[in-house]
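Geometric and topological summary
In case you want the letters, here they are:
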Amino acid sequence: YHMKRSSLEFQRVLPELPIIQHPVFPNAVKQGQWWKYPGTLLLMTREYTKFVIANLAHMFGMTAGDFS
């Protein structure tokens, strides 16, 4: 659920570094019909929001390091 955003951030900061994705799926995260589970719904909503913010930051020439 956070792979797209984290891969995006790493590629922008370290474009020469090959990224090997290895997703892990905790049992607590309900992937099928995730919208029915409040905890998973909140997690997915937060991750999508962070993904949108990361894309907007990139459009304005910012990186995650600019926010720390």
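Quantities reported herein were computed from a predicted structural model and do not represent experimental measurements.

1. Some words on the environment of Thr-45
The residue Thr-45 is located in helix H2 (residues 38-59) in this model. Considering only alpha carbons, one finds Thr-45 and His-58, 13 residues apart in sequence, at a separation of 20 Å. A distance of 2.7 Å separates the side chain of Thr-45 from the backbone oxygen of Leu-41, its partner in a polar contact.

2. Some remarks on unusual backbone geometry
Here the phi dihedral of Gln-33 falls at roughly 55 degrees; this positive angle occurs in a residue that is not glycine. Relative to the helices and strands, Gln-33 is located in the loop between helix H1 (3-13) and H2. Classification of Gln-33 as partly exposed rests on a relative accessible area of 40%.

3. Looking at the layout of surface pockets
Roughly 150 Å³ of volume is contained in the largest pocket. Forming the walls of the largest pocket are Tyr-1, His-2, Met-3, Lys-4, Arg-5, Met-44, Glu-47, Tyr-48 and Phe-51. Elements represented by at least two residues in the lining of the largest pocket include exactly H1 and H2. Per-element tally for the lining of the largest pocket: the top contributor is H2, with 4 residues.

Calculation notes
Residues numbered from 1 in each chain as written. Predicted model: local features only at pLDDT ≥ 70, side-chain atom pairs only at ≥ 80, totals over all residues. Heavy atoms only, no water. Helix = DSSP H or I, 4+ residues; strand = E, 2+ residues; numbered from the N terminus. Polar contact = N/O pair within 3.5 Å; in protein donor to acceptor, adjacent residues only side chain to side chain. Buried < 20%, exposed > 50% of the residue type's maximum accessible area, 1.4 Å probe, protein only. 1 Å grid on protein atoms, 1.4 Å probe; cavity = no way out; pocket = protein on both sides within 12 Å on 5 of 7 lines; lining within 4 Å. Points joined across faces, edges and corners; volume = space filled by probe spheres on them.

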